[in-house]
Amino acid sequence: MRSALMRLSFAITSMIALAFLVPLAYVTDQIAHDRALAEARYQADAMVAALASAPGNGSGALDRAVATVPAGQSGRLAVHLLGEPTVGTSHASAGDVELAGRQGRSVTVDAPGGVAYLQAVVLDGDRTAVVEVYVSDTDLSRGVGAAWLALAGLAVVLVGGSTLVADRLGAQIVRATRRLADGARAFGDGDLHARVAPEGPPELRDAARSFNRMADQMVAFADAERELAADLSHRLRTPLTALRLDADAMPPGPIGERMRQAFDALDDEIEQIITAARRSAADRVPETTDLVEVVADRLAFWSVLAEDQQRPWRVVGGQEPVYVPVGESDLVSAVDCMLGNVFQHTPEGTGFEVHVCARGLVVDDAGPGIADPARALRRGASGAGSTGLGLDIVRRVAESAGGRLVIDRSPMRGARIAILLDAVPDRPPRRVVR
């Protein structure tokens with residue numbers, strides 16, 4: 001924008017300068033030409049006056065008369081007496097002199113290196129003389145170069161000044177625009193404290209104020225939604241407490257112990273949801289979580305159910321930590337949704353594989369697969385009694401980590417659900433960890 005404003009100002013000012021300065025340059029040249037000819041006429045008139053006052057019209061008298069005129073002293077004046085020798089220095093052709101004498105009027109004719117002003121005058125005895133004043137090209141254009149240089153300098157100053165002013169104005173507009181864009185970009189990247197100081201033209205100041213109001217309202221809406229989520233989560237504690245009492249009343253055994261562990265995990269999850277929801281959206285800071293550690297923790301939970309349902313499973317990769325820019329609770333929810341999808345939508349005994357690498361997480365199963373991935377991502381429309389919320393959670397977590405959710409056919413002929421942080425190979429390296 002700044003460059004465009006400078007080019008526009010340069011073009012407009014240049015055209016205006018040319019529109020005025022070209023005629024001025026022509027007029028300056030014409031004025032210098034007319035001034036030189038006027039000076040020649042003045043010298044001719046002076047010579048006529050000298051001839052009129054000279055005693056006699058002999059050669060000596062004419063020489064003295066020519067010497068009294070400045071043009072004669074500089075060798076630019078001559079007196080032509082028809083039929084007699086020329087007195088002074090002549091530059092005009094004989095034909096032009098004779099024609100001026102016969103016509104009895106003043107003319108300007110071309111001469112080598114300039115022009116000659118010829119003025120006819122009648123002397124005593126009805127003799128006609130022609131006074132010639134030579135004007136060189138240098139005299140005709142005297143002062144024109146300096147005037148043109150001054151005009152060119154004025155044009156440069158005008159164009160440079162207007163371009164500089166346009167650059168300063170453009171810099172203010174561009175600076176205000178960039179700050180508005182930076183604020184919007186920072187807000188979009190998750191910095192909910194990002195605001196923009198109104199500056200620049202009135203339109204940009206209004207846009208900055210509107211952006212700040214929008215940001216405040218979005219933070220307020222997000223806080224209200226999270227407060228509602230915290231209230232709903234808190235309301236789950238009453239039925240959960242009742243269920244926990246029933247689980248504690250169960251006799252000792254693997255089933256009762258597993259139910260108590262599940263209730264403990266659910267109670268911790270609800271506590272984390274309430275704690276996270278109570279924090280203002282603007283006060284949240286970016287979190288980083290080890291994907292390998294979360295997967296290992298959640299597999300420890302799901303492996304018990306897999307053994308009960310006789311599902312073969314294995315983990316590929318996961319020797320090195322994989323840190324993703326997602327909170328631990330969100331990443332746990334995504335991994336649980338990916339693993340829970342296997343248990344919910346495949347029959348018992350169906351095996352699955354979990355691939356963990358630096359480029360993401362992949363869960364493959366040997367079930368019937370997902371016929372319509374787009375429909376599976378729509379809440380309330382995934383079919384089979386599912387709300388579609390689970391895969392939507394996985395997609396949100398993948399996008400918040402700078403990746404994407406992929407639903408495809410797995411090499412096990414079932415479904416593949418993957419969080420791709422960059423690009424997952426078709427067949428991840430098969431380093432098994434049990």
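Let me sum up the structure you'll find in this document. Since this is a predicted model, take the numbers as computed values, not measurements.

Calculation rules
Residues numbered from 1 in each chain as written. Predicted model: local features only at pLDDT ≥ 70, side-chain atom pairs only at ≥ 80, totals over all residues. Heavy atoms only, no water. Helix = DSSP H or I, 4+ residues; strand = E, 2+ residues; numbered from the N terminus. Buried < 20%, exposed > 50% of the residue type's maximum accessible area, 1.4 Å probe, protein only. Contact = heavy atoms within 4.5 Å. Areas by Shrake-Rupley, 256 points an atom, 1.4 Å probe, with all protein chains shown as cover. Salt bridge = Lys/Arg side-chain N within 4 Å of Asp/Glu carboxyl O. Core = buried A, V, L, I, M, F, W, Y, C linked by side-chain atoms within 4.5 Å. Axes fitted to C-alpha atoms, helices over the stretch in contact; angles between N-to-C directions. Left-handed = near helix turned anticlockwise from the far one by under 90°. Patch = residues over 30% accessible without salt bridge, like charges linked within 9 Å, V, L, I, M, F, W, Y side chains within 5 Å. Lys, Arg positive; Asp, Glu negative; His and termini not counted. Charge placed at Lys NZ, Arg CZ, Asp CG, Glu CD. Pairing = 2+ DSSP bridges.

Focus on the overall build of the chain
Per the secondary structure count, the chain includes 13 helices and 13 strands. Counting across all 434 residues of the chain, residues that qualify as buried make up 38%. Considering only contacts in the chain between residues 6 or more positions apart, those separated by 24 or more positions represent 61%. Just so you have it, the chain exposes about 24300 Å², and 58% of that area is on carbon and sulfur atoms.

Description of the pattern of salt bridges
Should the charged atoms of two oppositely charged side chains come close, the side chains can pair. All told, the structure shown has 10 salt bridges when counted by the stated rule. Between Arg 298 and Asp 336 there is a salt bridge whose closest N-O contact spans 2.8 Å. Taken as a pair, Arg 298 in helix H10 (residues 291–308) and Asp 336 in helix H11 (residues 328–345) lie far apart in primary sequence, 38 residues in all. Here Asp 364 ties to Arg 416 by a salt bridge, and the two come within 2.9 Å at their closest N and O atoms.

A look at the nonpolar core
Judged by nonpolar contacts, the single largest core of 37 residues is most densely connected at Val 295, Leu 299, Leu 339, Phe 352, Val 354 and Leu 361. Secondary structure elements with two or more residues in this core: H10, strand S7 (313–317), H11, strand S9 (352–357), strand S10 (360–365), helix H13 (389–400), strand S11 (404–409) and strand S12 (415–420). If you tally residues by element for this core, the top one is H11, at 9 residues. Ignoring any residue separated from it by four or fewer positions in sequence, one finds Leu 299 in contact with Trp 313, Val 315, Leu 339, Phe 352 and Val 354. If you look at the next biggest cluster of nonpolar residues, it comprises 25 residues, including Leu 51, Ala 71, Val 131 and Val 133.

Digging into the packing of H10 against H11
One can describe the packing of H10 onto H11 by two numbers: an axis separation of 10 Å at closest approach and a directional angle of 35°. Of the two possible hands of crossing, H10 and H11 adopt the one that is right-handed. Seen from H10, the contacting residues are Leu 291, Val 294, Val 295, Arg 298, Leu 299, Trp 302, Leu 305 and Ala 306; seen from H11, they are Leu 331, Val 332, Val 335, Asp 336, Leu 339, Gly 340 and Phe 343.

With respect to a negative patch on the surface
Together, Glu 287, Glu 293, Glu 328 and Asp 330 make up a region of like negative charge exposed at the surface. When you line up the elements, Glu 293 lands in helix H10. A residue is classified by how much of its surface remains accessible, and Glu 293, at 55% relative accessible area, is exposed.

Some thoughts on the pairing of S9
With 6 of 6 residues buried, S9 lies mostly within the body of the structure. Residues Phe 352, Val 354 and Val 356 of S9 are buried on one face, and the alternating residues Glu 353, His 355 and Cys 357, pointing to the opposite face, are buried as well. Here S7 runs beside S9; their pairing, made up of 5 bridges, is parallel. Directly across from Trp 313, in S9, lies its bridge partner Phe 352. Here S9 pairs with S10 via 6 bridges, running antiparallel. Note that in S10 the partner of Cys 357 across the bridge is Gly 360. If you look at the hairpin formed by S9 and S10, you'll find 2 residues sitting between the two strands.

This is a description of form; function is not addressed.
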